[in-house]
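Residue-level structure breakdown
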Amino acid sequence: MITSTSNPHIKQLIQWQNKAKERRRDGVFVAEGLKMLEEAPPRLIRDIYIVQALAERLQNGKTEKERALWNKISEAGYETVTEEVMRKAADTQSPQGVLTVLEQPAYDREQILLKDNGLYLLLEDLQDPGNLGTILRTGEGAGITCVIMTKGTVDIFNPKTIRSTMGSIYRVPFLYVDSLAEILPVMKTAGIATYAAHLQGEESYDSFSFCGSTAFLIGNEGNGLKRETAALADSFLKIPMEGRVESLNAAVSAALLMYEAYRQRRQCEK
């Protein structure tokens, strides 16, 4: 059992939790909790740290789910740690007692852009990790093909982002690009229609057809899309709002657009 936060493995674990630079250097991220471990692809699992009491509970599991989870932990290999070490290493105030270190998944850009009737979300410089995680989770529900982000966007492996995805981080493909101006001409060549959510949009988002390959552009929470980025989109669209509201949360806007595309595509298939 690891009993000290001075242990080199724990010191490294804390660095991965706190610093995107460390995560990028080593190509890993940390997922906290039983659900994130349960849904983690075994091929990505590098290490598991678990408190003794939880390990014993799962080892003596009374349910099929607990027994299956313990088998997964045993096959991957694990280290037990004290409650104090877990509190220091975890990112939450009340940790669930298990941390999983995983390899960062990677995706091939060319294959992603060649998908038939792909549905893409392009994010420019989003800063809120909760927004990004919620977008991935919602995107999975709406059947999105890929989330493409600028390098100015918050790290997708930020612990808060990972928790917000509720497991979608394992299943939704994603790419980072230097700028959306780099990827938009490539998407147009591939026949993907691009739509910028913009205050200057004159037509409501539900007046367009999204049955073909489609990409939505969402800008920074405070500043929106850069002018030069928005200019590269095929069309501007707006989300109509009543009252004195000028804009919606980025994750809410993305959800509305993705689910409108999902609704239309279900109709198109009939």
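Rules used in this analysis
- Residues numbered from 1 in each chain as written.
- Predicted model: local features only at pLDDT ≥ 70, side-chain atom pairs only at ≥ 80, totals over all residues.
- Heavy atoms only, no water.
- 1 Å grid on protein atoms, 1.4 Å probe; cavity = no way out; pocket = protein on both sides within 12 Å on 5 of 7 lines; lining within 4 Å.
- Points joined across faces, edges and corners; volume = space filled by probe spheres on them.
- Nonpolar A, V, L, I, M, F, W, Y, C, P; charged D, E, K, R; others polar.
- Core = buried A, V, L, I, M, F, W, Y, C linked by side-chain atoms within 4.5 Å.
- Buried < 20%, exposed > 50% of the residue type's maximum accessible area, 1.4 Å probe, protein only.
- Helix = DSSP H or I, 4+ residues; strand = E, 2+ residues; numbered from the N terminus.
- Contact = heavy atoms within 4.5 Å.
- Arc of directions from axis to C-beta.
- Polar contact = N/O pair within 3.5 Å; in protein donor to acceptor, adjacent residues only side chain to side chain.
- Patch = residues over 30% accessible without salt bridge, like charges linked within 9 Å, V, L, I, M, F, W, Y side chains within 5 Å.
- Areas by Shrake-Rupley, 256 points an atom, 1.4 Å probe, with all protein chains shown as cover.
- Salt bridge = Lys/Arg side-chain N within 4 Å of Asp/Glu carboxyl O.
- Expected span 1.5 Å × (residues − 1).

**A word on empty space enclosed by the protein**
- If you walk through the whole model with that rule in mind, you get one cavity of 30 Å³ or more.
- Of the volumes computed, that of the largest cavity is approximately 30 Å³.
- When its residues are assigned to classes, the lining of the largest cavity shows four nonpolar, one polar and three charged.

**Examining the nonpolar core**
- Within the largest apolar cluster, 67 residues are counted, with the highest numbers of intra-cluster contacts made by Leu 13, Leu 121, Leu 123, Ile 169 and Phe 216.
- A total of six residues in this core trace back to one element, the largest contributor, which is helix H12 (residues 250–268).
- Residues within four places of Leu 13 in sequence aside, it is in contact with Val 30, Tyr 49, Ala 89, Leu 99 and Val 101.

**Regarding helix H1 (residues 8–18)**
- Within the span of H1, buried status applies to Ile 10, Leu 13, Ile 14, Trp 16 and Gln 17. Along the axis of H1, the buried residues cluster in a sector spanning 160°; they form a single face. Along H1, the residues that are exposed and aim more than 90 degrees away from the buried face are Pro 8 and Asn 18.
- Two or three places before His 9, at the opening of H1, Asn 7 has a side-chain oxygen 2.8 Å from that residue's backbone nitrogen.

**Overview of a nonpolar patch on the surface**
- A cluster of nonpolar side chains, contributed by Val 245, Leu 248, Val 252 and Leu 256, occupies part of the molecular surface with about 280 Å² of accessible area.
- Structurally, the position occupied by Leu 248 is in the loop between strand S10 (235–237) and H12.

**Comments concerning the layout of surface pockets**
- Put simply, the largest pocket is a space of about 610 Å³.
- What lines the largest pocket is a set of 24 residues, among which Ala 197, His 198, Leu 199, Gly 224 and Ser 247 lie closest to the centre.
- For the lining of the largest pocket, the class distribution of residues is 10 nonpolar, 11 polar and three charged.
- The wall of the second largest pocket is formed by 14 residues, among which Arg 24, Gln 104, Asp 155, Phe 157 and Tyr 176 lie closest to the centre.
- When residues in the lining of the second largest pocket are grouped by element, the largest group, three residues, is from strand S7 (residues 174–177).
- Within the lining of the second largest pocket, the residues separate by chemical class into nine nonpolar, two polar and three charged.

**What to know about the side chain of Asn 220**
- Relative to the assigned elements, Asn 220 resides in the loop between strand S9 (214–218) and helix H11 (227–230).
- Taking relative accessible area as the criterion, Asn 220 reaches 16% and is therefore assigned buried.
- Engagement of the side chain of Asn 220 in a polar contact is seen with the backbone nitrogen of Gly 222, the distance being 2.8 Å.

**Describing helix H8 (residues 129–141)**
- Counted at 1.5 Å a residue, the expected span for H8 with its 13 residues is 18 Å, and the 19 Å between its end C-alpha atoms agrees.
- What H8 keeps buried is the set Pro 129, Asn 131, Leu 132, Gly 133, Ile 135, Leu 136, Thr 138 and Gly 139.
- Backbone geometry just downstream of H8 places Gly 143 in the positive-phi region, at approximately 75°.

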